[in-house]
Amino acid sequence: MEQQTTTSGRRALGAALKPRQLTMMGLGSAIGAGLFIGSGAGIQAAGPAVLISYLVAGTLIILVMWALGEMAAANPDSGAFSVYTAKAYGPVAGATVGWLWWLQLVVVIAAEALGAAGLLSTIVPGLPVWLMAFVFIVVLTAVNLTSVKNFGEFEFWFALLKVAAIVVFLFVGAALLFGWLPGVQSPGLANFTGDEFAPNGFAGIATALFVVAFAFGGTEIVSVAAAETAEPARSVRKAVQTVLWRILVFYIGAIFIIAAVVPVGSAGLKSPFAAVLEAAGMPGAAAAITLVAVAALLSALNANLYGASRMAYSLAERGEAPRLLASVSKARVPVVAVLASVSFGVVTVVLELAFPEMVLPVLLNIVGSTCLLVWTSALLAQLALRLRADRDGTELPLRMAGFPWLTGFGLLILAAIFTVGFIGEDSRPQLLSTFGLVALLAVANWLHHRSGKVPPAVESPEDAKQSVLVD
């Protein structure tokens, strides 16, 4: 039988992702360049007390992943939180969240391609940045066009490299702090005592919270990928349970070591991992960390292209985007959605290279706070759908514990982050720009629905039976 090209996500798309790939994808998405390079900014703002900021942000992402896991296990769909928001609050809200996330990803694809090329040029200065960025995009587009199985395997090894780097760093850092390295004196825990712990007080911790929250961006892609696993409920449950504690161990462990070794105000905070390895007497540390950061950026580019294409596919499937984006190849890949998503990134790269610092910074500022709004929509959707499921007596494959209190706690953390962001003079324009974009998308989607041109979403009988969180 010929494969249908416009049907529901779980029939037309592949189902070849393995549980280990989904687990590593969730873990790898949280371990990106924001940790390897950007963690120094949080320490600079709050000192070692940034650990409190990371604990709060880590708790938030655990709650968000748990909420998404509950919904994805019950109703795996390539539109994920966009679909769940639509089920809870209507199609306009769902489409707005979907387009918002898609725009964030396609802009970030350009930033990651240029960022990886720029970092690699510091090691291999002879290669032009534009050429490396173009090669990265072409290669990873090819990976996304082959099959979801190949994408999953590629992303698995990318993520494994980052995880291995973190594990090695934790061992070296622990050996340094305990004084186990020959010829190297332990710095001890002097940075955690007295005024050195929180040099800027509560204000510094609050500022760092807004900064570090974005380090966890990308973990929501697990809920998107769940639709292409053979056993969504089992795979999502395993991924959520595994990723939760590992995120805290890796992030909190790494930040603790950096904060103990690198003092506030040190130039080493510009590349904190390299500064720790150099303090441990390891030659070539800067080059090694740079290569890991390049891999982290390419891994994120690969995953973001996947996520953007699947969201575009889902929007098209629901009549919120041109139907052409829902066409599927023989390899069960939404080819047009992949090419449309990467095309935006290519155009942005070209414009940024032609007009440096004039295009990409503006786009990144507009979509900079998108992940916070996506997480908010996920928690609000889970709150509504879980209440509906409990009221109807619906059995769920995965249930978030402590409901509704933990969901409410997650929304409270998000409210605190938004408050801090609006108070800060540097972060306020970013939030206002993102909220302005949301308003424009909401109006556009509302007018789209008012026009009466939105066709009914295609859903197979199998999907109708499998959909557990129903209206």
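Preceding this paragraph is the structure being described.
The structure reproduced in this document is the subject of the present report. Keep in mind it's a predicted model, so treat the numbers as computed, not measured.

### Let's talk about the overall build of the chain
1) Next: Scanning the chain from terminus to terminus reveals 20 helices and zero strands.
2) Next: Taken over C-alpha atoms, the radius of gyration comes to 22 Å for the chain, in line with the 23 Å a tight globule of 471 residues would show.
3) Next: Oriented by its inertia axes, the alpha-carbon framework of the chain measures out at about 70 × 55 × 40 Å.
4) Next: If you take every contact in the chain between residues at least 6 apart in sequence, the share linking residues at least 24 apart comes to 80%.
5) Next: Carbon and sulfur atoms form 69% of the exposed surface of the chain, whose accessible area is close to 18,600 Å².
6) Next: In the chain, 25 side chains carry a positive charge and 25 a negative one; their mean positions are 8 Å apart.

### Observations regarding helix H19 (residues 428–450)
1) Next: In this model H19 runs 33 Å from its N-terminal to its C-terminal C-alpha over 23 residues, within 8% of the 33 Å that 1.5 Å per residue would give.
2) Next: Along H19, the residues that are buried comprise Gln430, Leu431, Thr434, Leu437, Leu441 and Asn445.
3) Next: Looking at the buried positions of H19, the neighbouring elements they touch are helix H7 (91–121), helix H10 (201–213), helix H16 (360–367), helix H17 (370–392) and helix H18 (405–423).
4) Next: Residue Gly452 follows H19 closely and has a positive phi angle near 75°.

### A look at empty space enclosed by the protein
1) Next: For the structure on display, the rule yields two cavities of 30 Å³ or more.
2) Next: Estimates place the volume of the largest cavity at around 50 Å³.
3) Next: With three residues, helix H5 (residues 50–74) is the single largest residue contributor to the lining of the largest cavity.
4) Next: Residue classes in the lining of the largest cavity are distributed as five nonpolar, three polar and one charged.

### What to know about the nonpolar core
1) Next: Of all hydrophobic cores here, the largest spans 153 residues; its most connected members are Phe81, Phe273, Leu372 and Trp375.
2) Next: Ranked by the residues each element gives to this core, the list is headed by helix H14 (residues 285–317), at 18 residues.
3) Next: The residues contacting Leu372, other than those within four sequence positions of it, are Phe210, Ala213, Phe214, Leu414, Ile417 and Phe418.

### Side note on the layout of surface pockets
1) Next: The computed volume of the largest pocket comes to approximately 1,100 Å³.
2) Next: Gly34, Val108, Glu112, Phe214 and Ala215 are the residues nearest the centre of the largest pocket, which is lined by 41 residues in total.
3) Next: Here the lining of the largest pocket gets seven residues from one element, more than from any other, and that element is H7.

### Looking at the packing of aromatic side chains
1) Next: In the structure shown here, the tally under the stated rule is 14 aromatic pairs.
2) Next: With 6.2 Å between their ring centres and 40° between their planes, Phe192 and Phe197 make a pair best called tilted.
3) Next: By relative accessible area, which is 26% here, Phe197 ends up partly exposed.
4) Next: Ring geometry for Phe192 against Phe256: centres 4.9 Å apart, planes inclined by 20°, an arrangement best described as stacked. Taken together, the residues span a long stretch of sequence, with Phe192 in the loop between helix H9 (148–177) and H10 and Phe256 in helix H12 (residues 232–261) at a distance of 64 residues.
5) Next: Residue classification places Phe192 among the buried positions, given a relative accessible area of 18%.
6) Next: The class for Phe256 is partly exposed, based on a relative accessible area of 30%.
7) Next: Site record: aromatic cluster; members linked through ring pairs are Tyr54, Phe216 and Tyr251.
8) Next: In this structure, Arg20 is placed above the aromatic ring of Phe156, and the distance from its NZ or CZ to the ring centre is 4.5 Å.

### Digging into the pattern of salt bridges
1) Next: One pass over the full model with this rule turns up six salt bridges.
2) Next: Close ionic contact of Glu228 with Arg310 constitutes a salt bridge, the shortest N to O distance being 2.8 Å. Taken together, the residues Glu228 in the loop between helix H11 (221–225) and H12 and Arg310 in helix H14 connect sequence positions 82 residues apart.
3) Next: Residue Glu228 is classed as buried on the basis of its relative accessible area, which comes to 0%.
4) Next: Look at Arg310 and you get buried, because its relative accessible area is 1%.
5) Next: Residue Arg399 pairs with Asp390 through a salt bridge whose shortest N-O separation is 3.0 Å.
6) Next: Among the residues examined, Arg399 registers a relative accessible area of 38% and is labelled partly exposed.
7) Next: What makes Asp390 partly exposed here is its relative accessible area of 34%.
8) Next: Through salt bridges with shared partners, one network takes in Glu70, Arg386, Asp390 and Arg399.

### A closer look at unusual backbone geometry
1) Next: Across the junction of Phe403 and Pro404, the peptide omega takes the value 0°, indicating a cis bond.
2) Next: By the secondary structure assignment, Pro404 is in the loop between H17 and H18.
3) Next: Positive phi, close to 40°, is recorded for Ala80, a residue that is not glycine.
4) Next: Topologically, Ala80 is positioned in helix H6 (residues 80–89).

The rules behind each value
- Residues numbered from 1 in each chain as written.
- Predicted model: local features only at pLDDT ≥ 70, side-chain atom pairs only at ≥ 80, totals over all residues.
- Heavy atoms only, no water.
- Helix = DSSP H or I, 4+ residues; strand = E, 2+ residues; numbered from the N terminus.
- Rg over C-alpha atoms; globule rule 2.2 N^0.38 Å.
- Contact = heavy atoms within 4.5 Å.
- Areas by Shrake-Rupley, 256 points an atom, 1.4 Å probe, with all protein chains shown as cover.
- Lys, Arg positive; Asp, Glu negative; His and termini not counted.
- Charge placed at Lys NZ, Arg CZ, Asp CG, Glu CD.
- Expected span 1.5 Å × (residues − 1).
- Buried < 20%, exposed > 50% of the residue type's maximum accessible area, 1.4 Å probe, protein only.
- 1 Å grid on protein atoms, 1.4 Å probe; cavity = no way out; pocket = protein on both sides within 12 Å on 5 of 7 lines; lining within 4 Å.
- Points joined across faces, edges and corners; volume = space filled by probe spheres on them.
- Nonpolar A, V, L, I, M, F, W, Y, C, P; charged D, E, K, R; others polar.
- Core = buried A, V, L, I, M, F, W, Y, C linked by side-chain atoms within 4.5 Å.
- Phe/Tyr/Trp six-rings, centres within 6.5 Å; stacked < 30°, edge-to-face > 60°.
- Lys NZ or Arg CZ within 6 Å of the ring centre and 35° of its normal.
- Salt bridge = Lys/Arg side-chain N within 4 Å of Asp/Glu carboxyl O.

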